[in-house]
Amino acid sequence: MHVSPTLWIITCLVILGLFVFDFFSHVRVPHAPSLKESGFWSAVYITIAIAFGGFVWWKWGSTYGGEFFAGYVTEKALSVDNLFVFVIIMAKFTVPREYQQKVLLLGIVMALVMRAGFIAVGAAAISTYSWVFYLFGLFLILTAVKLLRESDDPVDHEEQRETRLERFLKKYLRTTDDYDGDRLFTKVGGKRMVTPMLVVLIVIGFTDVLFALDSIPAIYGLTAEPYLVFTANAFALMGLRQLYFLLGGLLDRLVYLSMGLSYILAFIGVKLVLHALHENTLPFVNGGEHVAVPEISTPLSLGVIVATLAITTVASLLRSRGSRDEQMSSRDPQEPQDSVKGP
């Protein structure tokens, strides 16, 4: 797959333009977006991603088109899991709802910049050392196990991480306890101070670094093309702000999402290890010769990812619905009448 420098520049300018448009049209004036607004723009960004995937399919063929869609769906699913953490951070720092858009957009831009660095390093490593696929595969399998272990109470695990980082930041930064609109800095008694808004932004940025550690190896398990890795990440992150407000209370109903993502990461990890064995050059593995193992195709990968997410979502909603019905049936029938009685 040959991507000219001109196409790289055009792609980056278009992505940058979309972020600038998002800021000036939605974020510059603080407000809490409605479900209609969030739903509309989520659909717009998903449509743009699908159109870009169609362009890749048309220009470079079905193989690369399939790799882009597999990478995009995987990154989008991992982004939904990221929203759980964003909800925890926003609640912990009691960020006013009308200012959450700015924090999210700046955090997403930071995430894309940092991921671009990871993508460049990953591309250089893969092109030089084929055994890197072993490391990526084992890392994803270990990450899947870790995610599965933490699926019992992800909120508690994330709150512990954010509390440690918050203590570290407040130790070395002069911070205020009160927000000053959506400003990152303010003056108190003539001294320049950091507002909680900047602390939240740093916490989200640090969290995005941790997310990149598993999302980048995951997508390199689906495509080895840096252009597809970068664009899949960019388009997956682009609609994340709208998705945050659109899903809202639905997030806590996706009780099996962590299990589904664990399976996807483990599946891609196995795919990477198989690919590493197929391309093996390590002298202590099969004498440095390639190992005859089956490789997992892109269509099969895409099918497994989509099926896992569909099953996870349906099972989660059925579980949440069953729990809600059980709570309703166990409630005292007289309780509603009692709650409306006068003094």
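Just above sits the structure.
An account of the accompanying structure is given in this report.

1. Let's talk about the pattern of salt bridges
Step number 1: Counted by the stated rule, this structure contains 1 salt bridge.
Step number 2: In this structure, Glu75 and Arg115 form a salt bridge, with 3.3 Å as the shortest nitrogen-oxygen distance. Placement of the pair is Glu75 in helix α3 (residues 62-92) and Arg115 in helix α4 (residues 100-128), with a sequence separation of 40 residues. For the pair shown, Glu75 and Arg115 are each scored as buried.

2. Concerning helix α10 (residues 257-278)
Step number 1: In this model α10 runs 31 Å from its N-terminal to its C-terminal C-alpha over 22 residues, within 8% of the 32 Å that 1.5 Å per residue would give.
Step number 2: In terms of burial, α10 is largely enclosed, as 16 of its 22 residues are buried.

3. Observations concerning the environment of Arg183
Step number 1: Here Arg183 shows up in the loop between α6 (154-172) and β1 (185-188).
Step number 2: The exposure class assigned to Arg183 is partly exposed, which follows from its relative accessible area of 48%.
Step number 3: Arg183 sits 11 residues away from Val194 along the chain, and the two C-alpha atoms are 9.0 Å apart.
Step number 4: With residues near it in sequence (within four places) discarded, Arg183 still touches Thr195 and Met197.

4. Describing the pairing of strand β2 (residues 191-194)
Step number 1: Pairing analysis gives 4 bridges linking β1 to β2, with the strands arranged antiparallel. Looking across to β2, one finds that Phe185 is bridged to Val194.
Step number 2: Between β1 and β2, which pair antiparallel in sequence order, lie 2 residues; one of them, Gly189, sits at a positive phi of approximately 60 degrees.

5. Structural notes on the packing of helix α7 (residues 196-220) against helix α8 (residues 226-238)
Step number 1: Contact geometry of α7 with α8 gives a least axis separation of 10 Å together with a crossing angle of 130 degrees. Between α7 and α8, the angle is such that the two are oblique. For α7 against α8, the interelement crossing comes out right-handed. Across from Ser215, Ile216, Ile219 and Tyr220 in α7, the residues of α8 making contact are Pro226, Leu228, Val229, Ala232 and Asn233.
Step number 2: Across the contact of α7 with α8, the residue classes break down as 7 nonpolar, 2 polar and no charged.

6. Re the side chain of Glu225
Step number 1: For Glu225, the position within the fold is in the loop between α7 and α8.
Step number 2: Despite its burial, Glu225 pairs with no opposite charge, the nearest such side chain being Lys271 at 12 Å.
Step number 3: Dropping the residues within four chain positions of it, Glu225 is found in contact with Met1, Tyr64 and Glu67.

7. Quick word on the packing of aromatic side chains
Step number 1: Scanning the model with the defined rule gives 17 aromatic pairs in all.
Step number 2: Summarising the aromatic geometry, the rings of Phe52 and Phe55 are spaced 6.1 Å apart at their centres and angled 45 degrees between planes, so their arrangement reads as tilted. Linking Phe52 with Phe55, this pair stays in helix α2 (residues 35-60), spanning 3 residues, or about one helical turn.
Step number 3: Judged by relative accessible area, which is 12%, Phe52 ranks as buried.
Step number 4: On the basis of relative accessible area, Phe55 is assigned to the partly exposed category, the value being 27%.
Step number 5: When the centroid spacing of 5.6 Å and the interplanar angle of 70 degrees are considered together, the rings of Phe68 and Phe69 count as edge-to-face.
Step number 6: Judged by relative accessible area, which is 0%, Phe68 ranks as buried.

8. Observations regarding the packing of helix α1 (residues 5-27) against α4
Step number 1: Interhelical geometry of α1 versus α4 gives an angle of 170 degrees and a closest axis separation of 11 Å. Viewed along their axes, α1 and α4 adopt a mutual orientation that is roughly antiparallel. Each of Ile15, Phe19, Asp22, Phe23, His26 and Val27 in α1 lies in contact with α4, whose residues at this interface are Gln101, Lys102, Leu105, Ile108, Val109 and Leu112.
Step number 2: Residue composition of the contact of α1 with α4, by class: 8 nonpolar, 2 polar and 2 charged.

9. Notes on the nonpolar core
Step number 1: Grouped together as the largest cluster of nonpolar side chains are 92 residues, with contacts concentrated most on Phe86, Tyr220, Leu261 and Ile268.
Step number 2: Every residue in contact with Tyr220, bar those within four places of it in the chain, is listed here: Ile119, Gly122, Ala123, Ile126, Phe133, Phe136, Pro226, Val229 and Leu272.

Each value, and the rule that gives it
Residues numbered from 1 in each chain as written. Predicted model: local features only at pLDDT ≥ 70, side-chain atom pairs only at ≥ 80, totals over all residues. Heavy atoms only, no water. Salt bridge = Lys/Arg side-chain N within 4 Å of Asp/Glu carboxyl O. Helix = DSSP H or I, 4+ residues; strand = E, 2+ residues; numbered from the N terminus. Buried < 20%, exposed > 50% of the residue type's maximum accessible area, 1.4 Å probe, protein only. Expected span 1.5 Å × (residues − 1). Contact = heavy atoms within 4.5 Å. Pairing = 2+ DSSP bridges. Axes fitted to C-alpha atoms, helices over the stretch in contact; angles between N-to-C directions. Parallel < 35°, antiparallel > 145°, perpendicular 65-115°, else oblique. Left-handed = near helix turned anticlockwise from the far one by under 90°. Nonpolar A, V, L, I, M, F, W, Y, C, P; charged D, E, K, R; others polar. Lys, Arg positive; Asp, Glu negative; His and termini not counted. Phe/Tyr/Trp six-rings, centres within 6.5 Å; stacked < 30°, edge-to-face > 60°. Core = buried A, V, L, I, M, F, W, Y, C linked by side-chain atoms within 4.5 Å.

The quantities given are spatial measurements derived from coordinates; they are silent on function.
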